[in-house]
Amino acid sequence: MPARLLVKEQNAVVDHPADQLSELRGEHPCWLDISNPQSEEFALVAQELELHPLAVEDAQHGHQRPKIDQYETHYFIVFYALESPSPDVVNYHEVAIFVAQNAIVTVHQGDFSARKIVEKRFIEGRLQTTGLLLHALLDTMVDQYFAVVDQFGERIELLEQFITEESGPNLHRAHAPLNELFLVKRDLLHLRKTVAPERDVLQVLVRGDIRELRETGRRAYFQDVYDHILRVTDEIDTFRELSSNVIDAYLAAASNRLNEVMKVLTSIATVLLVLTVVTGFFGQNWSFIPYGSLPLFWLSMAVTGLIAVGLVMYFRRRGWL
């Protein structure tokens, strides 16, 4: 997708060539969107707006931590848009935003749904200034976080239900959900590492440190986005704790199941031990024992059976079996 320069004129939002940004931004709010950081349009705009080389390098190479940097003629913001096409997949779109006098420049790789939503609102004339445009971009991206985080909650609830149902004799079947829980916990950690630093970015905007955004009543807009990012972070922490609790519950159930098995095996071994003592005694080659006596054989078998039954009844009464 080529670079698009949208200029808010008096009656409508008009498309202009990207190289006219420096000429038009003096009179009209402008939004230049670049979907390829390595494009010639970005290099040209960086030269015209005198963007700092470090900020340009960060935008081109990507994989940056969310941040906001101040330079002489502009501010540089790194933010992330999240999309979840399926419950177990999260796509991270890194968005570099340059905030200059009466101009917003967004640089990213490919396209994402939040940009399309904001573009529609800007073309409809609902965003009058660059401050409102920046707020709309950040607010739309943060609002989409909730759907992504809620999917993690649904996955954890399903896995918790499955493990709870299989916590009895079929506990061995819960290994697959346990592996899935570890994957969910890892994904939540990655998500938190991405979202948590964005609170610092929004704190700067809430304080009104950016001189280009010091518009009357605009700080309340960014305060609302800051509250949303706090809610998202709290939900991520809650789901991480919940996943840890489910894992601990599974390990506790597995330990209890192992104790039950060991208790049964120990009881059986104890019964066999007593029987071994009895049969071992009669297995001694003493001359006074009539080994050929059939009544004595049945008597020894009866005594052995009574001992075994007595031990089993005793273990059951004590709750050991």
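Each remark here, short or long, concerns the structure printed above.
In this text, all values refer to a predicted model and were calculated from it rather than measured experimentally.

**Student:** Can you walk me through the nonpolar core in this structure?
**Tutor:** Generally speaking, a soluble globular protein has its nonpolar side chains buried in company with each other. Judged by nonpolar contacts, the single largest core of 80 residues is most densely connected at L21, F98, V105, L134, L138 and Y145. Take this core: its biggest share by element is 16 residues, from helix α5 (residues 130-165). Apart from the residues lying within four places of it in its own chain, the contact partners of L21 are L5, C30, L32, V45, L49, A103 and V105. Counting 5 residues, the second largest nonpolar core, distinct from the first, contains V271, L275, A308 and L311.

**Student:** Please explain the sheet that holds strand β2 (residues 13-16) as it appears in this structure.
**Tutor:** Within a sheet, neighbouring strands are paired by backbone hydrogen bonds and run either parallel or antiparallel to one another. As summarised here, the arrangement of the 7 strands in space is β2-β1-β3-β7-β6-β5-β4, forming an open sheet in which the pairing is mixed. Both edges of this open sheet fall to β2 and β4 (67-70), since each of them pairs with a single strand only. Each strand of the sheet is rotated relative to its neighbour by a mean of 20 degrees, with strand direction disregarded. One ladder, built from 6 bridges, connects strand β6 (residues 89-100) with strand β7 (residues 103-108); its direction is antiparallel.

**Student:** How should a nonpolar patch on the surface be read in this particular structure?
**Tutor:** A surface patch of nonpolar side chains, amounting to about 590 Å² of accessible area, comprises L258, V261, M262, V264, L265, I268 and L272. By secondary structure assignment, the location of M262 is in helix α8 (residues 219-282). Classification of M262 by relative accessible area gives partly exposed; the value is 44%.

What counts as what
Residues numbered from 1 in each chain as written. Predicted model: local features only at pLDDT ≥ 70, side-chain atom pairs only at ≥ 80, totals over all residues. Heavy atoms only, no water. Core = buried A, V, L, I, M, F, W, Y, C linked by side-chain atoms within 4.5 Å. Buried < 20%, exposed > 50% of the residue type's maximum accessible area, 1.4 Å probe, protein only. Helix = DSSP H or I, 4+ residues; strand = E, 2+ residues; numbered from the N terminus. Contact = heavy atoms within 4.5 Å. Pairing = 2+ DSSP bridges. Axes fitted to C-alpha atoms, helices over the stretch in contact; angles between N-to-C directions. Patch = residues over 30% accessible without salt bridge, like charges linked within 9 Å, V, L, I, M, F, W, Y side chains within 5 Å. Areas by Shrake-Rupley, 256 points an atom, 1.4 Å probe, with all protein chains shown as cover. Salt bridge = Lys/Arg side-chain N within 4 Å of Asp/Glu carboxyl O.

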